[in-house]
Amino acid sequence: MAANDFSKGSVLKNIISLALPMTLAQLINILYNIIDRIYIGRLGADATLALTGLGVCLPAITIVTAFANLVGMGGAPLFSIERGAGHDDEAEAILGNSFTMLLVLSVILTVSGFIFKIPLLRLLGASDETLPFANSYLSIYLLGNLFVMASLGLNSFINAQGFGKTGMMTVIIGAALNIILDPIFIFALDMGVRGAAAATVISQLASAVWTFSFLTGKRAVLKIRPKKMKCTFRRVKKITVLGLAGFTMSITNSIVQMAYNVGLQKYGGDVYIGAMTIINSIREFIHMPIAGFSNGAQPVIGFNYGAGKNERVKTGIKWMSGILTVYTLFAWLMISLFPKFFIGIFSSDPEIIYAGAPSMHIYFFGFFMMALQSSGQSTFTALGKSKQAIFFSIFRKVIIVTPLIFILPHWFGVDGVFLSEPISNFIGGAACFITMLITVYRKL
């Protein structure tokens, strides 16, 4: 029987054994960007412009994450299913092919990023005042694409083997180093936003080295082996098709962020893009436990599905959905009660606080519906049903929220930009979860 056999013992215990370290890892991982934003928000006279410039870069950074998810979230569930079926040789081949894909994609993204950098930043909402800050940050960040993609993409395969604590260490190493380096580069060396980007790149390098060392070392059950790195069309296609779910979720995030920046620049100006940068940071922080727990459940659900243990699959879905719903209700309550406290972590600018507090109330209304969206999509992904996961990501973000960002301001002004989010959460979350219950859960 394979090591870390998720078909035995308590389903909830198996999920928690992965989900707790993965959730902690997700929370720590967000420090990469949040710490940057906290420090940049205290740069003095240029703080608001610098923070807004960093906000303009967020969709571009999300694109890098999207391609890491294409491989990591595509390869890891296939890896888990093959392990559950006892096909370790094929699982290892999937890991090797995934590593090669990460290397190739990182080079393509870096070269493309430098070629189209300025037009891209303009498209993302950079003004004449914020473009220099955005350009400085993105130029250095692009140099670290390889490290970002390797650490994000490969860490999924550590977690998929049941080494949740090791996967957590991947993130802790990078985040701890980033926290140490940020004030040194930003303030002591007077590098500003360039220092924030440099600290992030160096930190991701450390995480990538740790991840690669583990997956080629003795502790890993299945390893990266040179002979398994030669890609085959069949495996690349399977990884890509399943990974399109995670990729679509991330790339549609980038599209939505871009739409927000454009809409807010038109109806509110730089101050509202700055406020949105902070709201995005808060959203990333409170969304990380959702991602961590659902990602922790996926290997358990996928393993049991591969092993033919359908009742255990259903039990896993129940626990994932219930725990995520309770958490999102609590998060919504905290955001509703203390919006100015959360904004104050990033900026003391009265204009930012004035614009941000009421916008947060609108943006996060009904946040608990994200639990249904995440549970439905995670179940589809864990069972290898990529088409459904892809559709519902596109449905919520592209078909619903993006058009609303440009339609609602005609009646509600800048508030209409933020109102598009809760409307899409209610419609998209309900549609995704109900479809999962009808088409997948009932048939297990």
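One can find the structure itself at the top, above this paragraph.
Residues numbered from 1 in each chain as written. Predicted model: local features only at pLDDT ≥ 70, side-chain atom pairs only at ≥ 80, totals over all residues. Heavy atoms only, no water.

With that settled, consider the overall build of the chain. When helices and strands are tallied, the chain shows 18 helices and zero strands. The principal-axis extent of the C-alpha atoms belonging to the chain is close to 60 × 45 × 35 Å. A total of 444 residues make up the chain; the buried ones form 61% of that total. A separation of at least 24 residues holds for 83% of the contacts in the chain among residues at least 6 apart in sequence. Surface exposure of the chain reaches about 16,900 Å², of which carbon and sulfur atoms provide 70%. Computed over 33 positive and 19 negative side-chain charges, the inter-centroid distance for the chain is 15 Å. (Helix = DSSP H or I, 4+ residues; strand = E, 2+ residues; numbered from the N terminus. Buried < 20%, exposed > 50% of the residue type's maximum accessible area, 1.4 Å probe, protein only. Contact = heavy atoms within 4.5 Å. Areas by Shrake-Rupley, 256 points an atom, 1.4 Å probe, with all protein chains shown as cover. Lys, Arg positive; Asp, Glu negative; His and termini not counted. Charge placed at Lys NZ, Arg CZ, Asp CG, Glu CD.)

This part takes up the environment of Lys223. Structurally, the position occupied by Lys223 is in the loop between helix H9 (193-215) and helix H10 (233-267). For Lys223, a relative accessible area of 16% corresponds to the buried category. Beyond its immediate sequence surroundings of up to four residues, Lys223 is in contact with Glu92, Leu95, Leu215, Thr216, Gly217 and Lys218. A distance of 3.0 Å separates the side chain of Lys223 from the backbone oxygen of Ala220, its partner in a polar contact. (Polar contact = N/O pair within 3.5 Å; in protein donor to acceptor, adjacent residues only side chain to side chain.)

Next up on the list: the packing of helix H8 (residues 164-188) against H9. It is the contact of H8 with H9, at a shortest axis distance of 8 Å, that shows an interaxial angle of 155°. Looking at the two axes, H8 sits roughly antiparallel to H9. Where H8 crosses over H9, the handedness of that crossing is right-handed. On the side of H8, the interface is formed by Thr166, Met169, Thr170, Ile173, Gly174, Leu177, Asn178, Leu181, Asp182, Phe185 and Ile186, while H9 contributes Gly195, Ala196, Ala199, Thr200, Ile202, Ser203, Ala206, Ser207, Trp210, Thr211 and Phe214. (Axes fitted to C-alpha atoms, helices over the stretch in contact; angles between N-to-C directions. Parallel < 35°, antiparallel > 145°, perpendicular 65-115°, else oblique. Left-handed = near helix turned anticlockwise from the far one by under 90°.)

Glancing now at the nonpolar core. Residues Tyr137 and Phe364 are the most contacted members of the largest nonpolar core, which totals 126 residues. At 17 residues, helix H3 (residues 47-84) tops the list of elements feeding residues into this core. Ignoring any residue separated from it by four or fewer positions in sequence, one finds Phe364 in contact with Ile279, Ile282, Arg283, Ile286, Trp332 and Ile335. (Core = buried A, V, L, I, M, F, W, Y, C linked by side-chain atoms within 4.5 Å.)

Turning next to H8. Over its 25 residues, H8 runs 36 Å from end to end, which matches the ideal 36 Å to within 8%, given 1.5 Å per residue. Taking the largest bend as the criterion, H8 deviates by roughly 35°, centred on Leu181, and proline Pro183 comes between one and four positions later. Taken from the residues just after H8, Asp190 is the one with a positive phi, measuring 55°. (Expected span 1.5 Å × (residues − 1). Bend = angle between axes of the 7 residues up to and from the residue.)

A few words now on H10. The first and last C-alpha atoms of H10 sit 47 Å apart over 35 residues, in line with the 51 Å expected at 1.5 Å per residue. At Leu244, H10 is deflected by roughly 45°, the largest bend along its length. Just past H10, the residue Gly269 takes up positive phi, approximately 90°.

A surface patch of nonpolar side chains, about 380 Å² in accessible area, is lined by Ile255, Phe391, Ile394, Val398 and Ile399. Looking at the nonpolar patch element by element, the count peaks at four residues for helix H16 (residues 386-407). As for its placement among the helices and strands, Ile255 is situated in helix H10. For Ile255, a relative accessible area of 33% translates into the label partly exposed. (Patch = residues over 30% accessible without salt bridge, like charges linked within 9 Å, V, L, I, M, F, W, Y side chains within 5 Å. Salt bridge = Lys/Arg side-chain N within 4 Å of Asp/Glu carboxyl O.)

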